[in-house]
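Close look at the chain arrangement
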Amino acid sequence: MPPLEQIKTLLENAVPGARLEIIANGSPSGQLSLLIDREHGLAVAEVLREEADLSFDYASNVTGVDWPEKIIKEKVKVKKTVEGVEKEVEEVLERKTPAYLEAVYHLYSIALRHGPLVIRLRTQNRSDQVTLPSLTPIWRSCELQEREVFDLFGIHFEGHPDLRRLLMWEEFTDFPMRKDYLEPDDYEYEPTPHDDVLEKARRHQAAEAKP
Amino acid sequence: MTAPDVMERIEPVPSAEPLEKPIQPRWTLSRPKKPAATHDFLEVSMGPHHPSTHGVFRMDVVLDGETVVKLKPVFGYLHRNHEKIAENTSYLGSIPYTDRLDYICSMTNNWAYVLSVEKLAGLAVPERAEYIRIIAGELTRLFNHTCLAGFLLQDMGALGTPMMYAFREREKILDLFESLTGARMMCNYLRFGGCRCDLPPGWIERAQRVVQDYGPFLDEFEALLTGNEILHARTKKVGVLPAALAVNAGVTGPMLRASGVNYDIRKVDKYGLYERFPFRVPLGAHGDVFDRYMMRILEARESLGILRQALSEIPAGPVIDPKAKLRNLRPKAGEAYGRIEAPKGELGFYLISDGGPRPYRYRVRPPSLINLTILEDMCVGHTIADAVVILGSVDIVLGEVDR
Amino acid sequence: MVDNELRDELSKQGVVLTSLAELYNWGRKNSLWPLQFGLACCAIEMIAASMSRFDIARFGAEVFRPSPRQADLMIVAGTVTKKMAPQVVRLYNQMPSPKYVIAMGACAISGGPFKQGYNVLKGIDRYIPVDVHIAGCPPRPEALLEGLMLLQKKIAGQRLTVGGGQPPQDAGELPVPSYGEHDLVPSKNTELWQPPVLAPSE
């Protein structure tokens with residue numbers, strides 16, 4: 001497989017206006033990923049499949065990931081005037097990481113026997129702008145997997161031929177794999193209760209003990 | 001007795017060279033034409049409880065007489081929230097849950113997960129452990145493929161007899177697993193960086209005897225089935241899957257190879273020590289149900305060859321690094337995707353670590369679910385009895401489809 | 001009642017002395033027809049129990065019926081998810097009485113290893129009455145046979161007279177839960193199942 005920088009330049013030349021970014025990977029697996037912007041996702045995917053050197057004809061895995069907002073506290077040294085004297089004071093700066101939902105695609109090439117290429121698409125935010133282009137017209141294997149991502153995370157894929165829930169029932173309203181999902185409370189009985197499960201069971205006992 | 005015309009389809013060793021003419025797949029829209037307005041359609045829900053032993057799977061079929069016009073599968077009746085539970089469980093604690101994904105083949109599920117964690121954390125595996133993994137994996141492939149032949153024949157109406165033979169052999173292999181791991185089905189045997197414990201004394205001789213007996217058993221099995229005219233009538237030209245559609249739809253495993261595409265992850269990724277084992281990759285010429293059935297029988301025979309070699313060559317040594325960190329494994333923040341050639345297809349695990357003891361995102365790439373993407377395409381135009389046979393040939397296990 | 005020694009003497013002479021209930025129950029318990037109802041991994045052990053090594057046929061339970069109208073034993077083998085639960089209750093309602101339920105495996109008893117799941121029903125006894133619980137994950141086929149023998153003992157002890165040993169649901173059909181927005185509605189059948197009270201010291 002050609003190195004990721006080469007693929008990036010090839011795609012930037014083929015799809016004008018596409019904004020691509022290489023995301024680093026801290027683990028020893030060496031699988032770097034390519035972040036593609038939402039507007040050019042479909043065009044870039046088509047180039048990935050059709051280009052002779054790349055020939056990524058097989059989308060192996062489509063995943064959703066939930067990145068909620070995180071507040072990172074950093075200690076920074078700032079010059080401030082304190083009682084008329086300029087001093088370097090340590091301040092704690094709070095920084096919010098952006099919140100988004102992400103779809104990760106693992107691509108392989110059966111014709112040229114190389115892979116994996118990891119591409120990522122991110123939504124604007126987690127609440128109301130959760131649409132992404134569907135890559136099902138390019139790789140049919142995304143059809144059921146994108147439905148599952150919609151079911152469990154809530155990402156709406158535009159251009160998907162049949163976007164409905166896959167695993168949960170149609171009347172279900174939550175998105176269970178999100179980090180802020182509240183489970184239904186049916187822990188009334190636990191044979192060997194411990195830790196937080198015991199707390200959940202006790203809450204039921206208290207609720208039912210009330211007249 | 002093996003059908004002579006099938007042997008020509010096997011590729012000679014070695015079969016890992018890149019194809020001269022790379023396949024240029026195009027996704028063709030293969031949906032049925034809109035039926036005439038005067039037809040009277042019957043909508044039937046097959047499942048989630050139906051006699052085919054694949055589990056709680058439901059297909060909403062629209063029939064024109066007996067011909068399938070539309071087929072929509074419905075999943076989720078065994079959705080056990082494996083991925084969400086894994087986010088609250090340590091890396092080690094998820095291994096028993098992986099047993100229950102494809103519950104017939106627990107060793108290969110363990111292997112896929114353990115491979116992904118080893119990629120994520122950068123762990124090495126000793127040689128003896130790799131050999132044991134290959135032996136366990138190929139034994140699993142043996143009985144999975146034989147049991148599939150049994151289930152397929154049962155769906156066709158051979159009410160249990162091939163299944164009796166298949167399960168009889170499976171019991172012998174389950175005895176081996178029980179003496180090795182302590183459990184028949186949910187083995188929970190592989191660990192990050194090796195195996196849980198070493199082989200008990202005498203295990204290799206017993207395994208060699210099982211493998212020795214398996215060849216004549218497969219001959220007997222095939223003598224009853226492969227030349228059988230009812231099998232031929234019900235499976236030839238039924239459920240044809242063209243190669244280009246198979247590649248584009250993400251179909252993997254014996255189903256892909258039955259359509260003629262030479263892609264076996266053991267040959268492509270060369271994980272474990274599979275490079276040392278010269279085995280052939282059978283390919284189908286037509287992509288119908290009969291090819292998929294023959295694919296499993298031929299792959300079972302190749303597995304016997306691998307097992308004979310592995311059992312005779314297995315080196316001495318440790319099976320796991322004694323200082324390997326299992327309980328409090330905290331891989332560095334990052335991600336990894338590891339995959340193996342499970343008996344059903346490509347089983348992959350995608351793990352994102354945030355540096356803590358539990359994975360941030362744990363994803364199972366289920367071969368059975370993705371092989372079902374083109375179920376409708378294969379079934380449309382056939383009768384409803386063929387739909388059952390086609391579903392049987394896809395080889396699904398609901399624990400993996402719904403996780 | 002006639003004591004057993006006299007009975008054995010008589011039976012050696014070819015005279016069998018029994019009561020109607022005993023005869024009736026003997027016939028019923030030795031020809032239980034299970035419903036082919038495997039949900040998950042325990043189903044494979046159930047199939048293995050019906051295969052040649054662990055032969056469930058010698059207990060008379062060989063004919064696994066695909067239709068609930070012809071079965072009298074439902075072996076719930078595997079995890080019952082909330083999506084599947086209404087179907088399980090409907091199948092139970094369709095079985096003619098007298099009917100029995102065996103909850104096989106940890107998942108059918110209480111949710112099992114998947115107890116934390118949002119889609120997992122924490123035990124099938126929330127909606128239908130269960131006669132025998134078989135522990136294990138999955139229970140060995142021998143354990144299933146032991147559970148079957150326990151059920152046979154239970155059937156042998158049932159009386160034919162009204163009010164004696166008849167299961168409580170003969171009054172009608174059990175209510176089928178429906179899919180709600182976050183959970184099944186109702187989440188449990190309170191007439192059948194009450195959670196036990198935790199001791200205050202726990």
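What comes next is a walk through the structure. Numbers given to residues run from 1 along each chain, matching the order in which its sequence is written. Labels follow written order: the first chain is A, the first ligand is 1, and so on. Given that the model is predicted, a residue must reach a pLDDT of at least 70 before its local features are reported, and side-chain atom pairs must reach 80 or more before they are shown or counted; all residues, however, enter totals for whole chains, interfaces and linings. Think of the side-chain values as coming from all heavy atoms in the structure, minus any hydrogens and water.

1. Focus on unusual backbone geometry
Of note, the bond from S97 of chain C into P98 of chain C is cis; its omega dihedral lies within 30 degrees of zero at 5°. Along the chain, the position of P98 of chain C falls in the loop between α4 (85-94) and β3 (100-104). C137 of chain C connects to P138 of chain C through a cis peptide bond whose omega is -10°. Here a strand is any run of E in DSSP of at least two residues, a helix any run of H or I of at least four, and the numbering for each starts at the N terminus. As for its placement among the helices and strands, P138 of chain C is situated in the loop between β4 (132-134) and α6 (141-156). Not every positive phi belongs to a glycine, and K237 of chain B is a case in point at roughly 65°. For K237 of chain B, the location among the structural elements is in the loop between α8 (229-235) and α9 (243-248). Remark: exposure states derive from per-residue accessible area (1.4 Å probe, protein chains only) relative to the maximum for the residue type, with buried under 20%, exposed over 50%, and partly exposed in between. Given the relative accessible area of 68%, K237 of chain B is considered exposed. For D395 of chain B, which is not a glycine, the phi torsion comes out positive at approximately 60°. Along the chain, D395 of chain B turns up in the loop between α15 (384-394) and α16 (398-402).

2. Points about the sheet that holds strand β7 (residues 345-353) of chain B
All names here are of chain B. Strands pair, by our definition, only if DSSP identifies at least two bridges between them. Taken in spatial order, the 3 strands line up as β6-β7-β8 in an open sheet, and their pairing is antiparallel. The sheet is open, and its two edges are formed by β6 (334-342) and β8 (361-365), each paired on a single side. When the angles between neighbouring strand axes are averaged without regard to direction, this sheet yields 10°. Sheet topology places β7 next to β8; 5 bridges connect them, and they run antiparallel. The residue of β8 that forms the bridge with Y350 is R363. Against the sheet, helix α4 (residues 106-121) contacts β6, β7 and β8, and its axis sits at roughly 150° relative to β6. Each axis is a line fitted through C-alpha atoms, and for a helix only the stretch in contact is used; angles between axes span 0 to 180 degrees, taken between their N-to-C directions. Note on definitions: a residue-residue contact is assigned when non-hydrogen atoms from the two residues lie within 4.5 Å.

3. Notes on the environment of Q124 of chain A
All names here are of chain A. As for its placement among the helices and strands, Q124 is situated in the loop between β7 (114-122) and β8 (131-133). Owing to a relative accessible area of 43%, Q124 belongs among the partly exposed residues under this scheme. A sequence separation of 23 residues divides Q124 from L101, and the C-alpha atoms of the two residues are 7.9 Å apart. Not counting the four nearest positions on each side in its chain, Q124 is found in contact with R38, A99, Y100 and Q129. What qualifies as a polar contact is a pair of N or O atoms within 3.5 Å, subject to a donor-acceptor requirement within protein and to the restriction that residues adjacent in sequence count only when both atoms come from side chains. Within the structure, the side chain of Q124 is placed 2.3 Å from the side chain of R38, a separation counted as a polar contact.

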